[in-house]
Amino acid sequence: MSYEVGDFGGTAKAPSLDGGNVVHVFWLSGMSCDGCSVAMLGAIAPRLEELTLGLIPRVPRVVMHHSMLDEDAGADFMAPFQAAADGSLGEPYVVVVEGSIPDDQSLSGPGHYAAMGTGSDWPSSKGGARHGDQPVKATDWMWALAPGAQACIAIGTCATWGGIPAAAGNITGSMGLTDYLGSSYRSARGIPVVNVPGCAPVGDNFMETLKELLLHFEGHVDLPEFDDIGRPAWMFGETVHRHCMKAGYYEEGVFAHEPGDNECLVEIGCWGPVVQCNITERGAINHLGGCMISGGACIGCTMPGFPDKYSPFYKAPPGSAISGTTSRITGGAIRRLRRISLANGNREPMWENAGEVPSAWGRANPVVPHPAHKINTFFYKKLQYAGTVNHAKRNKKQPLPLSRDILRQKGVDLEASVPVLQEHLVSREEL
Amino acid sequence: MSIQTLPAPQQTMGGAARNLRFDPVTRVSGDLAFHASADWSARTVGNAVAMATTFRGYENILAGRDARDAVFVSSRACGVCGTAHSICSALAIEAACGITAPPMGIVARNFLAATECMIDHPSHLFLRAGPDYSEPVVRRTSPELWARAESTAAPNAAVHGFAQISQIMAELTRYSGWLYREALHMTRMAREANVIVGGKYPHPQTITPGGVSSTVDATDFNLTLMRVVKFFDYSRRVVAVWDDLTNFFYNADARFADVGQGPMNFLDAGLWEDPHAVDSILSSPGESRWSKPAAIVDGVLQTSDLREIDAGVEEFIRHSFYDDWGGGSQVYDASGNALPPRNPANKQTLPQPGSADPDGRYSWSTAARWRGHPMETGAQARLWATALAGAGSPAGLVESTGRGVRMSLPSGQMPANLIEWQVPGRWNAFERNRARAYAFAQATLMCYENIVLGLDLARRGGTDVRIFTPYKIPKDGVAATGHWGGARGYVSHHVQLDNRVIENYQIVGPSTFSGSPRDDAGRPGPCEAAVMATPLVTSDAGQSGIDVLRTIRSFDLCMYCASH
């Protein structure tokens, strides 16, 4: 099939939704902390206002029903929820759930752990007013709205896997949305619960997922790929360690001893090598921050096992005893060899020809390498240029530039009069 | 169990009484349902109840965990001010261990706290409160005010760039208004600065007992500084917008000064620790903060001593979904005095869900009081505390005048200037918002000063540049408390440890005061009382209750901090 400019490369074009360019988003909060909403507000790809103003080509305009954002309050705010549950909304909708889902459907008497709206807001089609003017349980809205939704997205680790409110010691019987709706759940388009975990999630992870789904609803792209527990596969397919900028320290067996140290954080309690998350690749916002990048150990906050399988926090994961020791031995040896190559690479060929480093900063560095380094370099070069030409060898025949060391040639000598700022000279021992 | 219901709408002779049911109140943080009865003939509000409708059980989950889990678990009680809860929890654990963070660790925390305020305050002013003053809402609820706004020049036009008051209102419009979108843009920039040190926002990943684990280098100072300097002009504009809006409403109808009126009772734990005073943090907590702790009753400073403030706090549960704890442990303060039985340090969390009944139990929040007084918390309380209890700042950009706060905003694209907030003669919804705008400027300056201070410490080197103090959780039983100022104000964490395990953990958030239900003596919470004291000034033909909503939102409540 042919593509036009503006297509997104989808191969199968599903039929467009009736009504086309508007999709409602019903944001339900269970036992939340608002952190996921706050993360969503900070997203930049796309931004909230770009979706709600309909500024992105081919992406339907989003009508956001969110208690943190809505102009209306009370019954006016709840009316569209009621219409959606009744089937009278007339336009497609998506349900987003933030926060853990309490087990309050099982309370024998009245009471709730998370609620929104009062009894009069509850749609007649769902069994009449409940408990008179009592608060309507958030869990009621969830079971009533989920089946009719184009998709149901659980945002954050509470809504996906239960999170902290479902941790040991909880008295609310909390669970994730997948647990609550069960394995038979499919949205009106046949999509199981979509899970965008993280405590709080990277805002862009959620907005990108929502935008991809909206494009799919409009028939512009295939349904994106998800892993076996409903995570967007392209975001959560790698461990957070693989893209961690401190992973290189791990490889060389160099570890932080206490918080604030620059090296790999595994031994102060970082679980990154066994956690699926993309924050080190994407940053927390706009490619800035991202836990370990700023020095924060990973506590597994995107994972179904969070928090209990990763605590006590600030204690080295047991697995790191084996992997850490291994990397100390092998990585330690490799790091020492790399130091030699690094020292070699830190010298211009001309410096070697001239037998001196002209920088007043670098006078501490010997230009004539240690004999052991020389031997190492000899074999290294043999391997480096095996089967090809040693182009670099021609450097040795290159004459020294005549105007090299021009100040001395002109008789200007600053050596005696201007001291070198030795206190600003740093040599990184760990290199 | 019998099903109790809220009273049906009252029908008076004229049929003028109508229940205002805001379930939920939108544009507040967390789940808040607010029921009030309005008499539209008398233009008054009768009874009002604030209901926190969510409970999660953080305190129950924290009990029995390793003490090292406290920071990361308790901070997740709130997704807006996770930094404040993290720092507060770390302070409690540090007090239990008898250590303090080193100077650079304190500077990093100060910076994180300031950026959190720089995210919260504009978010409140333009995303949560702002739409109440936007063109669509003003046109709908008071066409005559809109007409007046169209013909009223904005006195601060040279600063914010909007010629008419109506133009400000148009730009406050949700999603499409320039001021709304600018707030999103600027708070995203503040988030960027925040995560460079905090790792992520919300829920920072680098705050630990003993300091922070951030790896801050010269690039980080540069990246944060280059963002924060953009906030000088923005602060000027935010203050100018809210000054103009407030004065416009006062001039339109003097009774707007009664909307959301309440007593000048404020509680604040202080914020921004002086890193050069680390030695005194344990012996005299709060004393070396640049914004001082304060308990203010009827506009008069009662005490600035954090221990006295702490000892005066009590939590009541007659109208909350909890069983009484009674007979719990007895915790003593640092001087060996027994803390009151209803002090959070002695409290236990015994949830008991049930039906909502305004005469009985109706909220998941406890009713926190100070020496029996309902107290307001938040940015506005911090500004009052700074004015009355005193302020310090290393470069003197923020100073207390005793009856106000004077701030020197450095130049941006606009020239440097002085702005001054003065303690107002009346206290109401408009003054809360105006104070928050000035508090935003204060947070911006504190952020800037801490970056400059951090650079100075880094250049001087030595032990001051350390960001972490090693700690050992004591094996013996110990009780400790941490206090800190969140973007919304007073936060305290109370921990009892035994054998390095958390025996009891209690959290008090700002809205446990501001958004509280009635206490055992029947005194309404500050937000409830303010609503009950509100005249319905706006014509509001549709009876939307806009004056009530403006009142509720002026508190910048966070119901997740109120009930955890």
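Worth saying up front: this structure is predicted, and the values here are computed from it rather than measured.

Comments concerning the confidence of the model for chain B
When pLDDT is averaged across chain B, the result is 94; 97% of the residues are at 70 or more. Predicted confidence is poor over residues 1-15 of chain B, with pLDDT under 50, and the contacts of this stretch with residues over four places away or in other chains come to 22 contacts.

Considering the domain arrangement of chain A
Residues and elements named next belong to chain A. Domain boundaries assigned for chain A yield domain 1 (22-236), domain 2 (238-345) and domain 3 (348-424). For domain 1 versus domain 2, the distance between C-alpha centres works out to 34 Å. The interface is formed by 16 residues belonging to domain 1 together with 14 residues belonging to domain 2. Counting residues per element, the ones that place at least two in the side of domain 1 that touches domain 2 are helix 5 (156-161), helix 7 (203-217) and helix 8 (233-236). Class assignment for the residues of the side of domain 1 that touches domain 2 results in ten nonpolar, five polar and one charged.

Here we look at the sheet that holds strand 7 (residues 194-196) of chain A
All names here are of chain A. Taken in spatial order, the five strands of this open sheet run 2-1-3-6-7, and their pairing is parallel. What marks the edges here is a single partner per strand, and that holds for strand 2 (61-65) and strand 7. Adjacent strand axes in the sheet meet at a mean angle of 25° when their direction is disregarded. Here three bridges tie strand 6 (residues 151-155) to strand 7, and the two strands are oriented parallel to one another. Paired with I153 across the two strands is V194, which belongs to strand 7. Against the sheet, helix 3 (residues 74-86) engages strand 1 (22-29), strand 2 and strand 3 (93-98), with an angle of about 105° to strand 1. Of the strands in this sheet, strand 1 and strand 3 touch helix 4 (residues 138-145), which is tilted by about 145° from strand 1.

Describing the interface of chain A and chain B
Every contact between the two is made by 72 residues of chain A and, on the other side, 75 residues of chain B. At the level of secondary structure, the elements contributing two or more residues to the side of chain A that touches chain B comprise helix 1 (35-41), helix 2 (48-52), helix 3 and strand 4 (115-118) of chain A. The element best represented in the side of chain A that touches chain B is helix 1 of chain A, accounting for five residues. A class-by-class count of the residues in the side of chain A that touches chain B yields 38 nonpolar, 26 polar and eight charged.

Here we look at the nonpolar core
Counting 293 residues, the largest nonpolar core has V94, V95, L145, C152 and I153 of chain A together with L32 of chain B as the members making the most contacts within it. With 16 residues, helix 14 (residues 429-460) of chain B is the largest single contributor of residues to this core. Two domains each donate at least three residues to this core, and these are domain 1 (22-236) and domain 2 (238-345) of chain A.

About the criteria used
- Residues numbered from 1 in each chain as written.
- Chains lettered and ligands numbered in written order.
- Predicted model: local features only at pLDDT ≥ 70, side-chain atom pairs only at ≥ 80, totals over all residues.
- pLDDT = per-residue confidence, 0-100.
- Contact = placed C-beta atoms within 7 Å.
- Domains from an automatic or database assignment.
- Helix = DSSP H or I, 4+ residues; strand = E, 2+ residues; numbered from the N terminus.
- Nonpolar A, V, L, I, M, F, W, Y, C, P; charged D, E, K, R; others polar.
- Pairing = 2+ DSSP bridges.
- Axes fitted to C-alpha atoms, helices over the stretch in contact; angles between N-to-C directions.
- Core = buried A, V, L, I, M, F, W, Y, C linked by C-beta atoms within 7 Å.
- Buried ≥ 20, exposed ≤ 12 C-beta atoms within 10 Å, placed from the backbone.

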